[in-house]
Amino acid sequence: MISLLENLPNEIFIHEIFTYLSIIDLNYEFFLLNERFRTLIKCFSSRKRHHLHLTRHIGIHQSIFIIDYILPFLNENHQFISLELNYVDSFLRFMNNYSQINTNYLDKIIITSFVDISFNSLIDLVFQCSQLRELKINVLTNLDSSWANGRKWNRWFENMRKHHRQNILRELDICVWCINHSDVINFDPRLWNKDGVFRDDKNWRVRLKSDQPLTWRLARRSVECSRSDEDYVALMHPKQNSTCTLI
């Protein structure tokens, strides 16, 4: 099959075959074949601007290939716009590589599975994504219990408000699954309402999933991930109205 393709003239690829493929499919199918196809892809890609959307419908192997081989080598005509992932491994690969990726145009990050990363790594990522408008992510407190520390959220949110990020980051929704109920501390009811909304800004919300109900008297907060989720076991079985799923 490869030998038959290589017998075709360059014009057939650039003006015919490549036009039917998305920039992601084009790279995934042809990039690793040989140097000729890599050169043709660069030539074709430079002719117009491409918006890249890494969506949850892309399989894990293809998403990892895109993160490893495509995103770090984008030219100015390639604008990486959105990142939506179901797979933990794909997101962890992205977190390891994003310093090499142009995130200047990235305006959406949605991670549907629960990931175990440090709080500071998310802060660094959001700082790099200056045009980010929507962030939805589910996290565990196994690696970093500070996800459930209200004071740390206060500092980060106040710092972003100081730099007017609320004018750009229009939707921030974090679901935190607390491994230990004692992780949840320092959520001041003067700053947070019972739905996890910060300073009455309904667009910024932190939702906690704790294994035991907690009280305001302890300056702690427990907010269910959704009305239909009652305990950890519920997260293992998808429900119609559930907003957080474990994959």
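Residues numbered from 1 in each chain as written. Predicted model: local features only at pLDDT ≥ 70, side-chain atom pairs only at ≥ 80, totals over all residues. Heavy atoms only, no water.

Draft legend 1. A look at the overall build of the protein. Scanning the protein from terminus to terminus reveals 9 helices and 7 strands. Burial status across the protein gives 48% buried among its 247 residues. When contacts within the protein are restricted to residue pairs at least 6 apart in sequence, those whose partners lie at least 24 apart make up 72%. In the form shown here, the protein has an accessible surface area of approximately 13300 Å², with 49% of it arising from carbon and sulfur atoms. (Helix = DSSP H or I, 4+ residues; strand = E, 2+ residues; numbered from the N terminus. Buried < 20%, exposed > 50% of the residue type's maximum accessible area, 1.4 Å probe, protein only. Contact = heavy atoms within 4.5 Å. Areas by Shrake-Rupley, 256 points an atom, 1.4 Å probe, with all protein chains shown as cover.)

Draft legend 2. Layout of helix α4 (residues 35-45). Buried within α4 we find Phe37, Leu40, Ile41, Phe44 and Ser45. Looking straight down α4, one finds that the buried residues subtend no more than 125° of arc, so they occupy a single side. The N-terminus of α4 is capped by Asn34, whose side-chain oxygen sits 3.1 Å from the backbone nitrogen of Arg36. (Arc of directions from axis to C-beta. Polar contact = N/O pair within 3.5 Å; in protein donor to acceptor, adjacent residues only side chain to side chain.)

Draft legend 3. Region of the structure containing the sheet that holds strand β5 (residues 171-177). Taken in spatial order, the 7 strands make up an open sheet running β1-β2-β3-β4-β5-β7-β6, and their pairing is mixed. If you trace the sheet from one side to the other, it starts and ends with β1 (50-54) and β6 (197-198), each paired once. Docked against the sheet, helix α6 (residues 88-97) engages β2 (78-85), β3 (108-115) and β4 (134-140), running at close to 125° with respect to β3. (Pairing = 2+ DSSP bridges. Axes fitted to C-alpha atoms, helices over the stretch in contact; angles between N-to-C directions.)

Draft legend 4. Examining unusual backbone geometry more closely. Despite not being glycine, His164 has its phi angle at roughly 65°, a positive value. Along the chain, the position of His164 falls in the loop between α8 (150-162) and β5.

Draft legend 5. Structural context of the packing of helix α5 (residues 60-70) against α6. The interhelical angle for the contact between α5 and α6, taken along N-to-C directions, is 5°, at an axis separation of 9 Å. Viewed along their axes, α5 and α6 adopt a mutual orientation that is roughly parallel. Here Ile60, Ser63, Ile64, Ile67 and Asp68 of α5 come into contact with α6, specifically with Asp89, Ser90, Arg93, Phe94 and Asn97. Broken down by class, the residue content of the contact of α5 with α6 amounts to 4 nonpolar, 3 polar and 3 charged. (Parallel < 35°, antiparallel > 145°, perpendicular 65-115°, else oblique. Nonpolar A, V, L, I, M, F, W, Y, C, P; charged D, E, K, R; others polar.)

Draft legend 6. Quick look at the environment of Ser45. Within the secondary structure layout, Ser45 lies in helix α4. Along the primary structure Ser45 and Asn77 are separated by 32 residues, whereas in three dimensions their C-alpha atoms are 7.3 Å apart. Discounting chain neighbours no more than four positions away, the residues touching Ser45 are Ile23, Leu26, His50, Asn77 and His78.

Draft legend 7. Representation of the pairing of β4. In terms of burial, β4 is a largely internal element, 6 of the 7 residues being buried. Here β3 runs beside β4; their pairing, made up of 6 bridges, is parallel. Residue pairing across strands places Lys108 opposite Glu134, the latter belonging to β4. Note on the crossover from β3 through helix α7 (residues 119-128) to β4: the handedness is right-handed. Pairing geometry for β4 and β5, over 7 bridges, is parallel. Looking across to β5, one finds that Ile137 is bridged to Ile174. (Right-handed = clockwise from strand over helix to strand, strands pointing away.)

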